[in-house]
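Structural overview for review
Residue-level listing of the chains:
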Amino acid sequence: MSEIKTMRDRDMQKVSAQQSVMKVLGKIVVYAFLIIMAIIVIFPFYWMIISSLKEMNEYRRSVPTLFPEVIDFMNYVEVFTNEDLLLGQLFYNTVLVGVVSTAGGLVITVLSAFAFARLEFKGKNALFAALLATMMIPGELFTITNYQTVFMWGWIETYRVLIIPFMVSVFYIYLLRQNFLQIPNELYLAAKVDGCSDLKYLWKVMIPLALPTIISITILKMMGSWNSYMWPRLVANDDAHRLITNGLRTAFTNAEGVTDIPVQMAAVAVVSLPLFLVFIFLRKYIMKGVSRSGIKG
Amino acid sequence: MVDSKHQWKAWLYLAPAIVLLLIFTVWPIINTLRMAFLEGYTTAKEANPFIDYEFTVGIGNFVRVIQYPGFMTCLQNTILLCVLTVPISTFLALLIAVALNSIKPLQRLLQTIFFMPYVTNSIAIGMVFAAMFNMIIGGSARPDSVGIINNVLEALGFEYINWMNAGSEYWANIVVMVVYIVWNALPFKILILLGGLQSVNKQYYEAARVDGTPKWRVFTRITIPLLSPMLAYVIITGFIGGFKEYSSIVGIFGESMGPVGNDYALDTMVGFIYRAIGNQEGTASAAALILFAIIFVVTMINLAVSKKSTHY
Amino acid sequence: MKVVLQNLTKIFPSRDKKAGKEVVAVNDFTFEIPDGKLVGLLGPSGCGKSTTLYMISGLQKPTGGRIFFGEDDVTELTTENRGIGLVFQNYALYPHMTVKQNILFPLQNLKGADKMTKDQMLERAYNVAKLVQIDELMERKPSELSGGQQQRVAIARALVKMPRVLLLDEPLSNLDARLRLQTREEIRRIQKETGITTVFVTHDQEEAMSISDMIVVMKLGVVQQTGKPQDVYDDPTNLFVAKFLGTPPINVFDGCVKDGKVYIGQDKVLEISGVADQDVTIGIRPEGFELDPAGGLTCQLSNVEVMGRDVSVVSTHPASVNPSVRSIIDADNKVDLGAGIVRYSIKPHKIFLFNKETEERIYFEVK
C-alpha cells in the first residue's frame, strides 16, 4: 500500500525539553492539591484534640490559638467524672451490645452463608433472591414495625432490644457467601470423601480461607454498633442502657442550651479513640471490607 | 455440588437467620404496607382493648403526609442536600483519586489520611464541625468567638457569617451541612474510585502515550469511560445515602434539627419518619413508602443513565 | 527508516533493598536494523528482549547507550515524539470504544501540521482497516472479536498514523496454534506492503525464523548472535544459539577431538583439521544424520516416528547429553526396528563443536 509513508520527521528535541518542565510543574500542582485537601480532611481531628486541651477562657478568645497555651487535662477529668454523662456505663453498654451482637451475628451469618454456598436444598435460589430483594428497602421502613414489636414484647429499655432485632444483615450473608463460593468445590468433595462432617469442614477449611472477609465483617459490625444512634435512641434511652453516641449528643449542654465545647471535644476525642486504634491497626481489613461491601457500618 | 440427602440440615443452618429476618425484616415490610393503607392508623387505636376500631382501606395517610407542611420542608431539604452533596463529593473524590493514582512518594500516607473520616462516629465528628462553625456570643456586639471557620474567612478578608447560631439563615445552615456531608462522603468514594483506577490495565495508558495523547484527552476518553462502572456505583450509593440523611444533621444541629429558634428547619425524610414512630404509625409508614419509592425511582434512573454511558 | 542501537544498556535497581543487587536487563547492545526490514528479537524469558523493545518505543529509558532513528538521536525523545507504532502483547484495545474509534484514536491526537480533517481520518482508518482485512468489523467492540481479529485491530491502530517504526511485543503469543500460523504470514504481508521497519519480540524461535529478515538472539541481557535466520541456524556462534534454534532441537553429545578425529564416546564420526586435541561438546542437527551401515556413530534404536515425508528416528547413545538422540531422515529410508541398533554417518556442515568451558564455537576444516 504505497500511500502509507512514514511520519514526517520532526525536530522535537526542544519540545521534549519544554515537556519535562511542564511535567515537573504538573507534579507540583498535584502534590499541592493533595496536601491542601489532606490538611482540610484532617483539620477537624486536629481541632478536636487541641480544643479538648484548652481552658474555656482560651477557647473563647476572638483570635484562636492554633496550639493551646496551657495544656489542660481538666476537660478529660470532667468527661470521666461527669455524673450526667456516666461515661463508664456508656462504654460498658456499648461494648457489651457490640460484642454480643457481633458474635451472634457472625455465627448466624457464617452458618447461612455456608448453607447458601455449599448445600443443596429445595427453593435455595428463590430464598436467596428474596433475601437480596430486601436489601433494596431502606432500614427506616423496618424500624416502624420493629418498634411496635419490641414494645409489645416489653423489650423497651433492655439489652436484648439493642442486640437482637438488627443482628442479622442480609448484606453480610451475601458477602460471605460470595467469598465461600470462590473456594473450590473440590475441597468440599475431598473432605466428604475423607468423612469430614459439614461443620468440621466449615470450621477447618471454609472459615480459615475466608478469614479476611470474616475479619472485615467483624470490624465493620463492631464499628456499626459503636456508631449506631437512631434505633438505640428510640428503644433504650435510659441511663442503664443508653449507648455512647446517644449519650454523647445530649451531654455538656447546660439548662440555657450553652455548650461547654472544650469538655464536649474531650468527650468526642474519648469516644473516637477506640475507632482510631482500630483504624491504625486494622486499616487493611477495613479498607478491603469497605471496597468490597461499600457500606458504612 | 453434592446432592445432600439431608435437606433439613441446610434449613437448620439457616433457621436462626430466617427466624430473625422473618420477624424483623419480612413482617415489617408487610406490616408497613398494611399500616400505610389503613386510614388514620395508629398502634394505640389498634391495641385499644375498649374500642374495636375498624380501619378502612385508603390512601388517606399518603394524602396527609403530603399535605403536612413539615413534610415538604423535609422533602426539600433532603433533595437539596442530595443534589448538592453527591456531585460535589463525587467530583472532589474523582480529582483526589486521580491525583493519588498519579503519584508514588507519599501515596500510601495520603491515602490513609483521606480514608480517616470513614472511621468516625458521624454524630461525634458532627459535634466537632459544629464547634468549628459555632459562634460564642458574649456581652458585646461582636461575639466573643466567631469560630475557626469564620476566623479563616476574616483572615482572607471576608466578613464573618452566622453559620448556625440563633438567627442564622437557611443557606448558611445548608452550607454547613454540605461541607460536613461531603467531608464524610469523600473517603468511601476515594477508596472505590482509586481501587477502580488501580485496576485499569496500565497498557491502555502506555498505548495512549505511544500515540501522544494529551493528558486531558486520556482523562476524558480513557480514564473516565473505564472508570464509569465505579463512578455509577458511587453516585448511586451516594444518592441512596443522601435520601436517608439524618444523623449528620443531628450531629451538627442536635435533635432540634435546626438552629436555635428555628427548630426542624433542616428536618429530613428520615427525621420525619422517626418522629412519627410511636404515635402516628400510619403516617410514618406512608412516609417510609414514599421514601422507598423515591429511592427506587432515582436508583432506576441512575441505572438507566449509567447503562447508556458505561460502554462495556 | 533504519534503527541504530548503540551500546544500549538497561539496569533495573533491585526490588529487594536488602539484597541490593541490580538487574542488568540489557547489556551493551549494539545493532543496526536496516530500513524496511522485519527483525525478530528472540530469546527465553528474562533475556531482555522486551526491555529492548520498550526502550526503542521510549516507554522505558535506557541506563546507557543511544538510539537513532535514521540519523536522528531519539534517546531523549519521549514516546509520543518518536513516531512509533506499538502493538502490545495483549493488544490493549480500549474496551469501551468500537474498532473504528480505536483506530481513529491516534489520529485524533495529531497536532499542528499533522492535524487531519474528519474525512481524511476516516479515509485513512478505512485504508488501514482494509490492509489488515478488518473493514467489515469497524462498528464492533473489542469484546465481540476473536483473538486474531483483535490482533489485527491492534496492528491497524499502530499503523494508522504511519509510524516510522512498528514495534510488536509477542504478537502471536495470545493466539491458538492455527491462528498463529495464519497471523504470522499476515504480519509478514502487511510489513512487506507498507515497508515500515518492524521490530518484534518473541520467545518462539520458529515464529522468528519463519518471518524475519533478521533475527537477534539474546540471553540474560546479552546479544548472542545476529543475522539472517538461515545464517544463524547454519552457523551458530555458541552452544546456546545452537540449542535455541531449530525444531526438533539439536542433539548434544560429550565428545573429544584427538589427532584430527572427532569422537562421540568411542565412536569416530569425522576427520577434521585445525583443532587441537581437547574435550568438546558436540552438536548435531537432526537432519545431519545419514543412515549408513558403515557409519561411525552407533546408537541404540528405541522408536521410529513416521511423519509422512520424513521419519524421525529416536535412539539413545551413552555420550548423549539428552535422554534421546533424534534424527530426521527421508521416509524412503527403511529403518529396521528389529535390528536394535542404527548406524549413522554425519553431514560435516551439520555438526558443530563447542568449547566445553566457554561453550563458544570451535571452527574446523573438514579433511
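Residues numbered from 1 in each chain as written. Chains lettered and ligands numbered in written order. Predicted model: local features only at pLDDT ≥ 70, side-chain atom pairs only at ≥ 80, totals over all residues.

**With respect to the overall build of chain C**
Each helix and strand counted, chain C has 8 helices and 22 strands in total. Expressed as lengths along the three principal axes of its C-alpha atoms, the size of chain C is roughly 75 × 45 × 40 Å. Taking all contacts inside chain C whose residues are at least 6 apart in sequence as the whole, residues at least 24 apart take part in 66%. (Helix = DSSP H or I, 4+ residues; strand = E, 2+ residues; numbered from the N terminus. Contact = placed C-beta atoms within 7 Å.)

**Topic: the overall build of chain B**
If you tally the helices and strands in chain B, you get 13 helices and 0 strands. Moving toward the C terminus, one meets the helices and strands of chain B in the order α-α-α-α-α-α-α-α-α-α-α-α-α. Computed over the C-alpha atoms, the radius of gyration of chain B is 25 Å, more than 25% above the 20 Å expected from 2.2 N^0.38 for a compact globule of 312 residues. Its C-alpha atoms give chain B principal-axis dimensions of roughly 80 × 80 × 35 Å. (Rg over C-alpha atoms; globule rule 2.2 N^0.38 Å.)

**Concerning the nonpolar core**
Nonpolar side chains in soluble globular proteins generally cluster together in the buried interior. The biggest cluster of nonpolar side chains holds 257 residues, and the ones touching the most others in it are F114(A), V268(A), L193(B), I273(B), A287(B), A156(C) and V165(C). Per-element accounting of this core gives the leading share, 15 residues, to helix α14 (residues 261–293) of chain A. With residues up to four places along the chain from it excluded, the contact list for I273(B) reads E140(A), A284(B), A287(B), A288(B) and L291(B). (Core = buried A, V, L, I, M, F, W, Y, C linked by C-beta atoms within 7 Å. Buried ≥ 20, exposed ≤ 12 C-beta atoms within 10 Å, placed from the backbone.)

**Remarks on the domain arrangement of chain C**
Residue and element names in this part refer to chain C. Partitioning chain C into structural domains gives domain 1 (3–244) and domain 2 (251–366). Look at where the C-alpha atoms of domain 1 and domain 2 centre, and you get two points 38 Å apart. With 7 residues of domain 1 at the interface, the matching set in domain 2 holds 8 residues. Here the side of domain 1 that touches domain 2 is composed, by residue class, of 4 nonpolar, 2 polar and 1 charged. (Domains from an automatic or database assignment. Nonpolar A, V, L, I, M, F, W, Y, C, P; charged D, E, K, R; others polar.)

**Examining the packing of helix α4 (residues 147–159) of chain C against helix α5 (residues 177–194) of chain C**
All names here are of chain C. In the contact formed by α4 and α5, the axes pass within 11 Å of each other and the chain directions differ by 20°. When the axis of α4 is compared with that of α5, the two are roughly parallel. Considering only the axes of α4 and α5, their crossing is right-handed. Counted together, G147, G148, Q151, I155 and L159 of α4 and L179, T183, I190 and T194 of α5 form the full contact between these two elements. Looking at side-chain class alone, the contact of α4 with α5 contains 4 nonpolar, 5 polar and no charged residues. (Axes fitted to C-alpha atoms, helices over the stretch in contact; angles between N-to-C directions. Parallel < 35°, antiparallel > 145°, perpendicular 65-115°, else oblique. Left-handed = near helix turned anticlockwise from the far one by under 90°.)

**A word on the interface of chain B and chain C**
Taken residue by residue, the interface counts 17 residues in chain B and 18 residues in chain C. Those elements that place two or more of their residues in the side of chain B that touches chain C are α9 (202–210) and α10 (215–243) of chain B. Of all the elements, α9(B) adds the most residues to the side of chain B that touches chain C, at 6 residues. Split into classes, the residues belonging to the side of chain B that touches chain C amount to 8 nonpolar, 5 polar and 4 charged.

**Observations concerning the packing of helix α5 (residues 124–134) of chain A against helix α8 (residues 170–182) of chain A**
Residues and elements named next belong to chain A. Where α5 contacts α8, the axes come no closer than 9 Å and their chain directions differ by 130°. Comparing the axis directions of α5 and α8 gives the class oblique. Every pair of crossing elements has a handedness; the one defined by α5 and α8 is left-handed. Across the interface between the two elements, L131, L132 and T134 from α5 touch V170, I173 and Y174 from α8. Residues belonging to the contact of α5 with α8 are distributed by class as follows: 5 nonpolar, 1 polar and no charged.

**Brief notes about α8(A)**
An α-helical segment advances 3.6 residues per turn. Residues three or four places apart therefore align on the same side. For α8(A), which comprises 13 residues, the first-to-last C-alpha distance of 19 Å matches the rise-based estimate of 18 Å (1.5 Å per residue) to within 8%. All buried positions along α8(A) are accounted for by Y172(A), I173(A), L175(A), L176(A), R177(A), N179(A) and F180(A). (Expected span 1.5 Å × (residues − 1).)

**Things to note about unusual backbone geometry**
Most peptide bonds adopt trans geometry, and most residues besides glycine take a negative phi value. A cis geometry characterises the amide bond from T247(C) onward to P248(C), with omega recorded as -15°. Along the polypeptide, P248(C) turns up in the loop between α8 (239–244) and β11 (251–258). Not every positive phi belongs to a glycine, and L106(B) is a case in point at roughly 70°. In the Ramachandran plot, D28(C) falls in the positive-phi region, its phi being about 50° despite a non-glycine side chain. Relative to the helices and strands, D28(C) is located in strand β2 (residues 23–33).

**Re the pairing of strand β12 (residues 261–264) of chain C**
All names here are of chain C. Bridge count between β11 and β12: 4 bridges; the pairing is antiparallel. The residue of β12 that forms the bridge with K258 is K261. Hairpin connection of β11 to β12: 2 residues between the antiparallel strands, including D259 at a positive phi of 50°. Taken together, the 4 bridges between β12 and strand β13 (residues 267–273) define a ladder with antiparallel strand orientation. If you follow Y263 over to β13, its bridge partner there is K268. The turn joining β12 and β13, which pair antiparallel and follow one another in sequence, is formed by 2 residues; a positive phi near 60° is taken by G265. (Pairing = 2+ DSSP bridges.)

**Focus: the pairing of β11(C)**
Bridging between β11(C) and strand β14 (residues 278–284) of chain C involves 7 bridges; their strand directions are antiparallel. Bridge assignment links V252(C) to a residue of β14(C), and that residue is G283(C).

**Quick word on the sheet that holds β11(C)**
Strand order in this open sheet of 7 strands is β21-β20-β14-β11-β12-β13-β22 (chain C), and the pairing throughout is antiparallel. Looking at which strands have only one partner, the edges of the open sheet turn out to be β21 (361–362) and β22 (365–366) of chain C.

**A few points about the interface of chain B and chain A**
Counting residues at the interface gives 77 residues for chain B, matched by 72 residues for chain A. In terms of residues, the side of chain B that touches chain A owes the most to one element, helix α1 (residues 7–36) of chain B, which gives 18 residues. Tallied by class, the residues present in the side of chain B that touches chain A amount to 53 nonpolar, 19 polar and 5 charged.

**Remarks on the environment of T237(B)**
Along the chain, T237(B) turns up in helix α10. Residue T237(B) is classed as buried on the basis of its C-beta count, with 20 C-beta atoms lying within 10 Å.

**What to know about the sheet that holds strand β4 (residues 64–69) of chain C**
Strand pairing in a sheet relies on backbone hydrogen bonds. The paired strands run either parallel or antiparallel. All names here are of chain C. Strand order in the open sheet formed by 4 strands is β2-β1-β4-β5, with antiparallel pairing between adjacent strands. Across the chains shown, the open sheet's two edge strands, defined by having one partner strand only, are β2 and β5 (72–73). Here strand β1 (residues 3–12) pairs with β4 via 5 bridges, running antiparallel. If you follow V4 over to β4, its bridge partner there is F68. Contacting β1, β2 and β4, helix α1 (residues 49–57) runs over the sheet at an angle of about 115° to β1.

**A few points about the environment of V314(C)**
All names here are of chain C. Mapping V314 onto the fold places it in strand β17 (residues 310–316). Spatially, the C-alpha atom of V314 lies 53 Å from that of P106, the residues being 208 residues apart in sequence. Not counting chain neighbours up to four residues away, the residues in contact with V314 comprise S302, N303, E305, S324 and R326.

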